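# Breakdown of the fold
Spelled out, the chains give:
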Amino acid sequence: MTARIGVVTFPGSLDDRDTQRAIRLAGAEPVALWHKDKDLGQVDAVVLPGGFSYGDYLRAGAISRFSPVMESVIEQAKSGMPVLGICNGFQILTEAHLLPGAMLGNNHLHFICRDQKLRVENADTAWTVDYEAGQEIHIPLKNMDGRYVADEHTLDELEAEGRVVFRYRDFNPNGSLRDIAGISNAAGNVVGLMPHPEHAVEPLIGSGRTDGLPFFTSILKKLVNV
């Protein structure tokens with residue numbers, strides 16, 4: 001049976017179609033989900049894609065977190081369903097308290113768009129098993145509110161439990177504390193990151209790299225093994 005991976009569209013989502021394409025290239029079936037619908041359509045995993053969701057003027061992801069679909073996402077994530085939040089999706093996951101910490105405006109107060117080098121810190125999550133710990137990859141990055149912050153206790157806990165999944169290398173593009181680019185929950189089924197792996201899945205598009213494709217092949221491997 002082909003794995004079904006839901007992609008939620010919020011008002012202002014920009015990368016939902018790109019994410020669906022990445023899922024299809026990896027060999028799964030993308031399922032379009034609308035933010036007002038509670039029914040997840042019996043999907044096996046969910047991706048919250050990037051963009052600029054409505055209400056971001058208050059705080060990125062603060063209103064989207066209360067979309068009806070998030071009630072189901074939160075419930076299923078706590079039951080073990082794999083969930084990936086990319087950029088605005090990462091912001092929504094922190095607002096929904098599926099991931100700790102918060103996303104603030106970039107420390108230089110400007111939107112940034114660039115290819116970004118990352119180091120894979122944790123290759124054991126549901127979304128990273130096709131990477132190797134310590135591997136360096138290049139993933140496109142575009143954000144205005146990408147600065148990850150948390151209190152020292154939370155940061156120390158993330159480090160101690162191996163829940164920092166990605167770290168910026170060579171250049172910290174937004175002032176994220178401890179160069180954090182992505183984190184996971186304690187169970188490893190929920191992952192959020194600011195860079196956009198869906199823009200690096202085939203050599204003819206975007207950066208010309210395929211460093212982002214293992215996100216989507218990783219989840220297939222995880223779902224097959226479950």
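Notes on the structure follow. (Residues numbered from 1 in each chain as written. Predicted model: local features only at pLDDT ≥ 70, side-chain atom pairs only at ≥ 80, totals over all residues. Heavy atoms only, no water.)

### Comments concerning the nonpolar core
By size, the foremost hydrophobic cluster in this structure holds 65 residues, and its most contacted members are Val46, Met70, Leu84, Trp127, Tyr148 and Phe166. The element best represented in this core is helix H2 (residues 68-78), accounting for five residues. Those residues in contact with Tyr148 that lie beyond four places of it in its chain are Phe90, Pro100, Gly101, Ala102, Met103, Leu155, Leu158, Ser176, Leu177, Ile180 and Ile183. (Core = buried A, V, L, I, M, F, W, Y, C linked by side-chain atoms within 4.5 Å. Buried < 20%, exposed > 50% of the residue type's maximum accessible area, 1.4 Å probe, protein only. Helix = DSSP H or I, 4+ residues; strand = E, 2+ residues; numbered from the N terminus. Contact = heavy atoms within 4.5 Å.)

### Describing a nonpolar patch on the surface
Among the surface-exposed residues, Leu14, Phe52, Phe111 and Met144 lie close enough to one another that they form a single nonpolar patch of about 380 Å² accessible area. Position of Phe52 relative to the elements: it lies in the loop between strand S3 (45-48) and H2. (Patch = residues over 30% accessible without salt bridge, like charges linked within 9 Å, V, L, I, M, F, W, Y side chains within 5 Å. Areas by Shrake-Rupley, 256 points an atom, 1.4 Å probe, with all protein chains shown as cover. Salt bridge = Lys/Arg side-chain N within 4 Å of Asp/Glu carboxyl O.)

### Some points on the pattern of salt bridges
Scanning the entire structure with this criterion turns up 15 salt bridges. The residue Asp170 makes a salt bridge to Lys117 at a minimum N-O spacing of 3.1 Å. Residue Asp170 is found in the loop between strand S9 (164-168) and strand S10 (180-184), and its partner Lys117 is found in strand S6 (residues 112-120); the two are separated by 53 residues along the sequence. Arg178 is paired through a salt bridge with Glu152; the nearest N and O atoms lie 2.8 Å apart. On the criterion of sequence distance, the pair formed by Arg178 in the loop between S9 and S10 and Glu152 in helix H4 (residues 152-160) is long-range, its members being 26 residues apart. By relative accessible area, Arg178 is classed as partly exposed at 30%. Each of Arg119, Glu121, Glu152, Asp156, Glu159, Arg167 and Arg178 takes part in a single network of salt bridges with overlapping partners.

### Some thoughts on H2
In an α-helix, one turn spans 3.6 residues, which is why side chains three or four residues apart end up on the same side. Buried residues of H2: Val69, Met70, Ser72, Val73, Ile74 and Ala77, and no others. Contact partners of the buried residues in H2: strand S1 (4-9), strand S2 (29-34), S3, strand S4 (83-86), helix H3 (88-95) and strand S11 (190-193). Taken from the residues just after H2, Gly80 is the one with a positive phi, measuring 110°.

### Some points on the side chain of Asn185
Relative to the elements of secondary structure, Asn185 occurs in the loop between S10 and S11. Taking relative accessible area as the criterion, Asn185 reaches 13% and is therefore assigned buried. At 2.8 Å, the side chain of Asn185 forms a polar contact with the side chain of Asn189. With residues up to four places along the chain from it excluded, the contact list for Asn185 reads Leu98, Leu99, Arg163 and Val190. (Polar contact = N/O pair within 3.5 Å; in protein donor to acceptor, adjacent residues only side chain to side chain.)

### Overview of the environment of Glu152
In this structure the C-alpha to C-alpha distance between Glu152 and Ala187, which are 35 residues apart in sequence, comes to 21 Å. Engagement of the side chain of Glu152 in a polar contact is seen with the side chain of Arg178, the distance being 2.8 Å.

### With respect to the sheet that holds S1
If you walk across this open sheet you meet the nine strands as S2-S1-S3-S4-S11-S10-S9-S6-S7, and the pairing is mixed. Looking along the sheet, the strands with just one partner apiece sit at the ends: S2 and strand S7 (136-143). Taking each pair of neighbouring strands and ignoring which way they run, the sheet shows an average axis angle of 25°. Strand direction decides the pairing type here: S4 and S11, joined by four bridges, are parallel. Paired with Leu84 across the strands is Val191, a residue of S11. (Pairing = 2+ DSSP bridges. Axes fitted to C-alpha atoms, helices over the stretch in contact; angles between N-to-C directions.)

### Some words on the packing of aromatic side chains
The final tally for this structure, using the stated rule, is six aromatic pairs. Between the aromatic rings of Tyr131 and Phe166, the centroid separation amounts to 6.3 Å while the plane-to-plane angle is 90°, which identifies the pairing as edge-to-face. Taken together, the residues span a long stretch of sequence, with Tyr131 in the loop between S6 and S7 and Phe166 in strand S9 at a distance of 35 residues. For the pair Tyr131 and Phe166, a shared accessibility class is recorded, and that class is buried. Ring geometry for Tyr131 against Phe215: centres 5.5 Å apart, planes inclined by 75°, an arrangement best described as edge-to-face. In this pair, Tyr131 sits in the loop between S6 and S7 while Phe215 sits in helix H5 (residues 213-225), placing the two residues 84 residues apart along the sequence. Here Tyr131 and Phe215 have matching classes, each one buried. In textbook terms, an aromatic cluster arises when at least three aromatic residues are bridged by ring pairs, as seen for Tyr131, Phe166, Phe215 and Phe216. We note Arg65 situated over the ring of Phe66; from NZ or CZ to the ring centre the distance is 4.5 Å. (Phe/Tyr/Trp six-rings, centres within 6.5 Å; stacked < 30°, edge-to-face > 60°. Lys NZ or Arg CZ within 6 Å of the ring centre and 35° of its normal.)

### What about H3?
Most of H3 is tucked away: eight of the eight residues are buried. Of the residues making up H3, those classed as buried are Asn88, Gly89, Phe90, Gln91, Ile92, Leu93, Thr94 and Glu95. His97 lies just past H3 and shows a positive phi near 65°.

By themselves these figures say nothing about function.
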